[in-house]
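# Coordinate analysis (summary)
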Amino acid sequence: MKLIMPEAVKAIIDTLEQNGYETYAVGGCVRDSVMGKEPSDWDICTSALPEETLTVLHADNIIQNGLKHGTVTVRVEGQNYEITTFRTDGIYRDNRHPESVQFVRSLHEDLARRDFTINALAYSPEKGLQDDFGGLSDMANKVLRCVGEPDKRFGEDALRILRALRFASVLGFSIEPVTAESIHRNAALLHHISAERIFSELVKLLQGGHAEQVLLAYPDVLGVFMPEILPMAGFAQHNPYHCYDVWTHTVKAVAAIRPTKTLRLAALFHDIGKPQCHRRDERGIDHFHGHPDVSEGMAEQILKRLKCDKKTISNVCRLIKMHDVRVPAQRKNVRKMIAKTGMERFPDLLELKRADAKAQSPQHLQETLDYVDALEAVYREEAAKDNDFTLRTLAVNGRDLQALGMTDGKRIGQCLNRLLEKVIDCELENQKERLLSEVVSWNIISI
Ligand code: ATP
Ligand code: MG
């Protein structure tokens with residue numbers, strides 16, 4: 001098998017080989033290349049010790065800060081390449097980091113420390129593909145399998161539990177049964193992993209093309225760091241709009257929405273407050289009044305805990321809060337909705353509403369999609385007018401009100417916001433003379 005690799009990688013491998021060191025591209029880049037995908041980064045492993053790599057490659061474009069762990073980083077044309085000495089990991093005491101690493105001279109031992117068979121592949125143009133753990137056949141069968149004993153490997157580094165779910169979701173692989181059982185059994189070890197690392201894997205998992213199958217099969221694993229999701233699993237909804245329990249509905253909404261970070265997180269949490277808001281009426285129909293606000297609050301807490309960035313939290317929360325708003329699609333109402341989401345976030349709300357509908361009973365689907373189309377039609381008209389429903393595009397500003405004789409800054413702010421509300425409600429045209437005469441009619445100028 002011949003793989004295409006960047007010139008820089010070839011040059012590094014050639015140079016080290018010419019100096020007598022065995023050298024390969026290794027891990028994710030080989031996996032992705034074999035699968036015909038463009039690798040995101042190229043890692044190189046070698047029998048050369050870090051000092052030997054430094055000597056052979058000359059030091060001018062080299063970043064040395066990973067030397068202790070055996071890593072030399074070379075920068076070529078703006079791209080970093082990590083060159084790591086073959087190594088084995090020492091004992092793991094904290095379920096995440098080895099106490100020490102030992103440099104070794106054989107590729108086999110280095111491949112043995114890697115997490116999954118498909119990630120334990122190495123390649124050099126001269127020696128071809130090195131597949132000591134059956135990665136190639138697992139890849140052909142779309143199977144994710146630990147290298148070695150799963151309980152031991154997840155015990156060493158619990159992050160591998162989430163990496164497994166992430167690869168299953170992104171690649172569409174099934175998790176081999178012994179590995180899968182071990183994941184369920186060891187899930188609680190994720191308590192040892194930092195929030196940042198968990199969140200980064202979770203986001204990749206959610207954005208995978210096969211997130212549906214993974215989320216349905218492993219709510220217990222996600223529940224270790226988000227116990228709030230657990231009540232959703234199996235929570236029935238006796239309601240003509242729904243044909244799934246809350247978790248299945250949630251997962252189908254995640255799968256139905258475009259895979260951006262914000263949209264997938266919004267779909268994941270949009271109904272998380274439902275179990276708390278549940279009420280069954282005399283006719284045996286379930287209602288979940290107030291769940292968007294409760295879900296919003298829970299999502300905010302979870303995302304803060306997972307160290308999500310503030311902007312994403314704010315966008316996700318706004319979408320969740322508004323996902324269930326269903327006012328008639330008249331211009332005035334839609335303008336109010338747009339003012340609440342912000343012009344640029346409104347299309348995301350339309351997407352969430354569509355995905356939410358697709359994950360409900362099919363008999364109401366068309367009706368809801370028609371409704372969302374009607375919202376979108378109004379949105380498009382408004383967007384074409386370049387109106388963003390903020391004070392920025394209001395036809396008067398603070399100076400205009402000062403010119404009328406107003407002096408109190410706070411009062412000026414209140415007046416501008418009142419005018420904006422009336423413009424959004426279609427009570428007033430956004431036109432300077434009209435707005436100023438409105439303010440005059442309030443008879444407050446002297447106050
Ligand atoms: P991607 O870069 O697409 O996120 P990747 O598999 O390349 O996926 P990296 O974090 O770049 O992931 O790691 C490169 C390689 O290092 C992996 O393919 C694997 O061989 C090894 N590796 C990474 N993390 C671990 C881990 N926690 N335990 C064991 N091996 C790991
Ligand atoms: Mg990688």
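Residues numbered from 1 in each chain as written. Chains lettered and ligands numbered in written order. Predicted model: local features only at pLDDT ≥ 70, side-chain atom pairs only at ≥ 80, totals over all residues. Heavy atoms only, no water.

## Topic: the overall build of the chain
Summing up its helical and strand segments, the chain has 22 helices and 13 strands in all. At 28 Å, the chain has a C-alpha radius of gyration far larger than the 22 Å of a compact globule built from 447 residues. In the chain, which comprises 447 residues, the share counted as buried stands at 52%. For the chain, contacts bridging at least 24 residues in sequence account for 64% of all contacts bridging at least 6. Summed over its atoms, the accessible surface of the chain is roughly 20900 Å², and 50% of this surface lies on carbon and sulfur atoms. If you average the places of the 58 positive and of the 64 negative side-chain charges in the chain, the two averages end up 5 Å apart. (Helix = DSSP H or I, 4+ residues; strand = E, 2+ residues; numbered from the N terminus. Rg over C-alpha atoms; globule rule 2.2 N^0.38 Å. Buried < 20%, exposed > 50% of the residue type's maximum accessible area, 1.4 Å probe, protein only. Contact = heavy atoms within 4.5 Å. Areas by Shrake-Rupley, 256 points an atom, 1.4 Å probe, with all protein chains shown as cover. Lys, Arg positive; Asp, Glu negative; His and termini not counted. Charge placed at Lys NZ, Arg CZ, Asp CG, Glu CD.)

## Considerations on the environment of Leu 404
Take Leu 404: it is sitting in the loop between helix H20 (398-403) and helix H21 (409-424). The class for Leu 404 is partly exposed, based on a relative accessible area of 29%.

## Topic: the environment of Leu 162
With respect to the element layout, Leu 162 can be found in helix H7 (residues 159-171). For Leu 162 and Thr 250, which are 88 residues apart along the polypeptide, the C-alpha to C-alpha distance reads 20 Å. The contacts of Leu 162, once residues within four sequence positions are left out, are Leu 190, Ile 198, Glu 201, Leu 205, Leu 222 and Phe 225.

## What about unusual backbone geometry?
Keep in mind that most residues, glycine aside, have a negative phi and that most peptide bonds are trans. For Glu 77, which is not glycine, the phi dihedral falls at a positive 45°. Of note, Glu 77 is situated in the loop between strand E4 (71-76) and strand E5 (79-85). Owing to a relative accessible area of 81%, Glu 77 belongs among the exposed residues under this scheme.

## A few points about the packing of aromatic side chains
The full count for this structure, using the stated rule, is four aromatic pairs. Sitting over the face of the ring of Phe 288, Lys 274 holds its NZ or CZ atom 4.9 Å from the ring centroid. Arg 326 extends its terminal NZ or CZ atom over the ring of Tyr 371, reaching a point 4.7 Å from the ring centre. (Phe/Tyr/Trp six-rings, centres within 6.5 Å; stacked < 30°, edge-to-face > 60°. Lys NZ or Arg CZ within 6 Å of the ring centre and 35° of its normal.)

## Details of the side chain of Thr 179
Its location among the elements puts Thr 179 in helix H8 (residues 177-186). Judged by its relative accessible area of 0%, Thr 179 is buried. Ignoring any residue separated from it by four or fewer positions in sequence, one finds Thr 179 in contact with Leu 144, Arg 145, Cys 146, Pro 150 and Phe 154.

## A short note on the sheet that holds strand E8 (residues 122-124)
Strand order in this open sheet of seven strands is E3-E4-E5-E2-E1-E8-E9, and the pairing throughout is mixed. Because the sheet does not close on itself, it has two edges, and the strands there are strand E3 (62-63) and strand E9 (128-130). Of the pairings in the sheet, the one linking strand E1 (residues 23-26) to strand E2 (residues 43-46) comprises four bridges and is antiparallel in character. Looking across to E2, one finds that Ala 25 is bridged to Ile 44. Seen against the sheet, helix H3 (residues 50-57) touches E2, E3, E4 and E5 and runs at an angle of roughly 25° to E4. (Pairing = 2+ DSSP bridges. Axes fitted to C-alpha atoms, helices over the stretch in contact; angles between N-to-C directions.)

## Digging into the nonpolar core
Ranked by internal contacts, the top residues of the largest apolar core, which has 121 residues, are Leu 165, Ile 183, Leu 215, Leu 222, Phe 225, Met 226 and Phe 269. Sort the elements by how many residues they give to this core and H7 lands first, with eight residues. Beyond its immediate sequence surroundings of up to four residues, Leu 222 is in contact with Leu 162, Leu 165, Leu 202, Leu 205, Leu 215, Ile 229 and Trp 247. Within the second largest apolar cluster, 10 residues are counted, among which are Val 26, Leu 107, Ala 120 and Val 147. (Core = buried A, V, L, I, M, F, W, Y, C linked by side-chain atoms within 4.5 Å.)

## Details of the pattern of salt bridges
Tallying each qualifying case throughout the model produces 41 salt bridges. Notably, a salt bridge pairs Arg 258 with Glu 351, separated by 2.8 Å at the nearest N-O pair. Residue Arg 258 is found in the loop between helix H12 (246-256) and helix H13 (261-269), and its partner Glu 351 is found in helix H18 (residues 346-358); the two are separated by 93 residues along the sequence. Overlapping salt bridges bring together Arg 96, Lys 152, Arg 153, Glu 156, Asp 157 and Arg 160 as one network. (Salt bridge = Lys/Arg side-chain N within 4 Å of Asp/Glu carboxyl O.)

## With respect to the pairing of E1
Residues Thr 23 and Ala 25 of E1 are buried on one face, and the alternating residues Tyr 24 and Val 26, pointing to the opposite face, are buried as well. Note that E1 and E8 share two bridges and pair antiparallel. Of the residues in E8, the one forming a bridge with Ala 25 is Tyr 123.

## Observations regarding H3
For an α-helix, 3.6 residues make a turn, and residues three or four places apart therefore share a direction. Of all the residues in H3, the buried ones are Pro 50, Thr 53, Leu 54, Val 56 and Leu 57. Buried positions along H3 lie against helix H1 (7-18), E2, E3, E4, E5 and strand E7 (101-103). Looking one or two places after H3, you find His 58, whose phi comes out positive at around 60°.

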